[in-house]
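One letter stands for each residue in the lines below.
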Amino acid sequence: MEKITEKLLLEKGSPKTNKLEHIKTLTLSKLGLKHQDLPVKLLSRLQSLERWDLSGNRLQELPKKLELPALRYLDLSDNQIEDVTTLESLSGLEELKLEDNLYITVSDNYKLMVLLPKLRIHNGKDISTTANHVRFVYTENLMTRISAVWEKGFSLPDPITTEKMSALETSFVDTARIQVKFGPNSVSDFTRWRVEILAMEYLRSLTEPQEEPDSKEANETKENCDVSTPTKRKQTASAVDLNISLTPRKKLRPDLPASPVQDSPRKTSLRLRPQTLTQTEPMRMSPRKTVQPPSTPARGQTRAETPKRGSKVRHVQEDGAQIKQRESVGRKELQRDVDMLATLKSCGRTQPVHLKPLHVLQCHSKQDSPEDFSTQLWACAFQPLPDSTGAGGGSRLVATCGGDSLCVIDCETGMVMKKYKVPGEEFFSLAWSTVLMSRGKASAQHCSILAAGGKRGLVKLIHPRNNVAYGEFRASRKSLSVLRFNHHQGNFLFTGSYDNKIVMWDIGGVDVQYNYKVVQLLMLEISATPLHICLPPNSPSSHLLTACEDGLHCYNTQLGTNTTTKSRSKDMEISFPIYKKEDKDHDYHTIDGLSFLTDDIVASKNYMHGCIYLWSWSQTKAQKPDKKSRAVCAVVLAELQWTNTEIPYLALNTCPGQAYIVCGDDKGRLWTYHVTRLQKNSFQSGKPVQPTEVLEWPTPVRKDHGQLDGPSINSVAMDPELQYLVALSDKNMVIVWKREESS
């Protein structure tokens, strides 16, 4: 048996280094180690350790409170493990091997699924579906039975004292362990263990006070905006350009199996003119998503007439107390702005970037026709480079969708590297994620996948690297409007659809044969079509923001709580100051742009407003919602000047690493905002902040037809380093901009 020393760890670790903090892989197999031979203080210095092999030793457990935040893979096979609860501190584990440990039971395996919330591969098999069932569905069933035990025979003492609560806890937990029966006998030990933990949590929830936001501050904020609950509006049909051909109606035909992705590295681009011409023609109403059968609605046609909506006007007489209160609010706003500037100073670079147009591509044409300038392109996203955490940096590959095809484009070369076509489909949304591919006895591998959906209500699952469209599932009987993955839990996918629902799915991982399983975890009933879904960076598993046709709503998406996992109502609705300006001819409730700029600052855009709001998520969330409408007023930090247009669904996007916001307009231009450049007086003046730069339409030239007019820019995307900016138009053009390095 060899004693664990710093020298030994440096010898057995890689990459070769003279600092424990830099080691990423460590092999300590077949050293005859027992748990007392593992020094916690020394091992805790391995803060970058991702893979650890401890196989072939004599370990009965791991040291408690051993924290290795980067650890994703642990091999404990061929040991003598008896107590799996000591693994709880390794909460980042994604893959665990425990083969040839004679004392491990089925109950122990269930305990591991609860103790290790990110565990997806166990002994070489994908357990995502089973694990999430145990973590959430099984837990919820136990909580229902535990609450029934409480209501039947227990109540809080009066008065509450430490001695009485201690006796009550002992009695209640013991009774729950005896009376709560659920699941097969083979996991009865796990059930008793889990019931004991949940019973104590339930009792604490009855005695711990609920935090209430300061009512005075909430009231002060509410005075600044109208918080009346918006009603669902009827959309009016509008005229579309008669020269644009409509997508043919869906034909009755047998459902086709998923086909392999086309590997077609070709370059289909238009020629760019060196100069930029000024747009002089009047604005044309751009057609929105094309006409579809009645059961498959179009995505909000262009509005010829703005829906009418009444608004309340408040007349308030100020007295001395109100003036004093207003001054207090002013001081709070001043401090808020100072805090925001401090936040932004640490975000991004100090100098704005310079972008130049590089490619204009026509890669979504019907039947690959160069004459197709009618196919609308709707969503684009850069592929993340997966690392061991599944949250790598950026790449130059971008996925785009529109019409019946999805493309993966190399931004540098302008080559279409992969193309996936589904006849009869019209793709509206896509999203990248990183899942684990189990490979039997070999360690699991991270792989980037694409999910895409649209008119048919089906989600297509694609592994572009291997040219495989490996699966599909029906997410809705209506069209899908938006897809979004949870970046902290890569197998959790949210889909929004035209039947006014958002559903959370567990798509699991895949194996080398591309076997997979999809399970529905949660459904959110909303009041209108969801246009965008955002998950707060610091709490992606507990909160969801959705921008809808009738406003911005927030939902609690925490699984494994007392709240049912089948359907939930909204936690709150976030209203904006522009709502006060609504009248019978103007309705600003449609939120058609939403993205987080930092962990706290959100950028959002109201249809027909002409500005982009920057507001604080944490300060907004801290308010107490109105009891009836559940409304709170957004704590607005700044307004960014944008264009005046009646074209909806021109989505904005953010590049948090570079502190950039970009939004296209209806003339092919890109409005860019480098937020770190904003001056303090910009937040105090009350005037909208001007854009850092407006990138003019690059006026590509079509052979034998001259230059092309600027289209509406439906969507934009940036890689994390802002080396490339991609814009999608409503006229079948993908525009790639590249960063120019300053000399």
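Scroll up to find the structure.
A short tour of the structure in this document, coming up. (Residues numbered from 1 in each chain as written. Predicted model: local features only at pLDDT ≥ 70, side-chain atom pairs only at ≥ 80, totals over all residues. Heavy atoms only, no water.)

## Some words on the pattern of salt bridges
Per the counting criterion, the structure on display carries 11 salt bridges. Here E21 and R45 are joined by a salt bridge, their closest N and O atoms 3.5 Å apart. With E21 in the loop between β1 (13–14) and β2 (25–27) and R45 in the loop between α2 (40–43) and β3 (51–53), the pair connects residues that are 24 residues apart, well separated along the chain. Classification of E21 as partly exposed rests on a relative accessible area of 31%. Overall, R45 belongs to the partly exposed group, its relative accessible area being 30%. With a shortest N-O distance of 2.1 Å, K460 and E472 are connected by a salt bridge. Highlighted residues: K460 in strand β16 (residues 458–463) and E472 in strand β17 (residues 468–474), separated in sequence by 12 residues. (Salt bridge = Lys/Arg side-chain N within 4 Å of Asp/Glu carboxyl O. Helix = DSSP H or I, 4+ residues; strand = E, 2+ residues; numbered from the N terminus. Buried < 20%, exposed > 50% of the residue type's maximum accessible area, 1.4 Å probe, protein only.)

## Quick notes on the environment of M733
Within the secondary structure layout, M733 lies in the loop between β39 (724–729) and β40 (734–740). Classification of M733 as buried rests on a relative accessible area of 1%. Between the C-alpha atom of M733 and that of T375, which follows or precedes it by 358 residues, the distance is 8.7 Å.

## What about the sheet that holds strand β20 (residues 501–506)?
Backbone-to-backbone hydrogen bonds join strands into a sheet, with any given pair of strands oriented parallel or antiparallel. Read across the sheet, 4 strands follow the order β18-β19-β20-β22 without closing on themselves; strand pairing throughout is antiparallel. The strands lining the two open edges of the sheet, one partner per strand, are β18 (480–486) and β22 (519–525). Sheet twist, expressed as the mean angle between neighbouring strand axes with direction ignored, is 20°. Bridge count for strand β19 (residues 489–497) against β20 is 6 bridges, and the pairing is antiparallel. Residue pairing across strands places S497 opposite K501, the latter belonging to β20. Contacting β19, β20 and β22, helix α4 (residues 128–153) crosses the sheet at an angle of about 75° to β19. (Pairing = 2+ DSSP bridges. Axes fitted to C-alpha atoms, helices over the stretch in contact; angles between N-to-C directions. Contact = heavy atoms within 4.5 Å.)

## Focus: the state of the cysteines
The full count for this structure, using the stated rule, is 0 disulfides. You can see C411 has no disulfide; the closest cysteine sulfur is in C380, sitting 9.2 Å from it. A relative accessible area of 0% places C411 in the buried class. (Disulfide = S-S within 2.5 Å.)

## Some details on the environment of T25
In this structure, T25 sits in strand β2. Judged by relative accessible area, T25 falls into the partly exposed class, the value being 28%. Distance in space between the C-alpha atoms of T25 and G13 is 5.5 Å, their sequence separation being 12 residues.

## A look at the pairing of β40
Along β40, 5 of the 7 residues are buried, which leaves the element largely enclosed by surrounding structure. Here strand β9 (residues 354–361) pairs with β40 via 7 bridges, running antiparallel. Looking at β40, one finds that K356 is bridged to K738. With 5 bridges joining them, β39 and β40 adopt antiparallel strand pairing. Within the sheet, the bridge partner assigned to L728 lies in β40 and is V734. Between β39 and β40, which follow one another and run antiparallel, lie 4 residues, and N732 among them has a positive phi close to 60°.

## Focus on the nonpolar core
W52, L74, L76 and L96 are the most contacted members of the largest nonpolar core, which has 62 residues in total. At the level of elements, α1 (6–12), α2, α3 (106–115), α4, α5 (162–179) and α6 (188–207) are the ones that each hand at least two residues to this core. At 8 residues, the largest contribution of residues to this core is made by α4. Those residues within four positions of L96 in sequence are excluded, and the remaining contacts are L74, L76, L87, L112, L116, L119, I121, H122 and N123. If you look at the next biggest cluster of nonpolar residues, it comprises 23 residues, including L545, I591, Y607 and W615. (Core = buried A, V, L, I, M, F, W, Y, C linked by side-chain atoms within 4.5 Å.)

## Details of the side chain of N132
Secondary-structure assignment places N132 in helix α4. A polar contact of 2.5 Å, which involves the side chain of N132, links it to the side chain of D506. Here N132 is in contact with V137, N491, F492 and D506, once residues within four sequence places are set aside. (Polar contact = N/O pair within 3.5 Å; in protein donor to acceptor, adjacent residues only side chain to side chain.)

## Observations regarding the packing of α4 against α6
At their nearest, the axes of α4 and α6 sit 9 Å apart, and the two run at 60° to each other. Pair α4 / α6 crosses with right-handed handedness. Touching V134, Y138, T139, L142, M143, I146, S147 and W150 of α4 are F190, T191, R194, V195, L198, A199, Y202, L203 and L206, all from α6. Of the residues contributing to the contact of α4 with α6, the split by class is 13 nonpolar, 3 polar and 1 charged. (Left-handed = near helix turned anticlockwise from the far one by under 90°. Nonpolar A, V, L, I, M, F, W, Y, C, P; charged D, E, K, R; others polar.)

## Remarks on the side chain of T191
The residue T191 is located in helix α6 in this model. What makes T191 buried here is its relative accessible area of 4%. Of note is the side chain of T191, whose polar atom sits 2.7 Å from the side chain of Y138. Those residues in contact with T191, other than ones at most four positions away along the chain, are Y138, L142 and F182.

## Topic: the sheet that holds strand β26 (residues 572–575)
Spatially, β23-β24-β25-β26-β30 is the arrangement adopted by the 5 strands of the open sheet, whose pairing is mixed. Two strands bound the open sheet, and with one partner strand each, they are β23 (530–534) and β30 (631–633). Adjacent strand axes in the sheet meet at a mean angle of 30°, parallel and antiparallel pairs treated alike. Where β23 lies against strand β24 (residues 543–548), 4 bridges are found, and the strand directions are antiparallel. Opposite C534, over in β24, you have L545 as the bridge partner.

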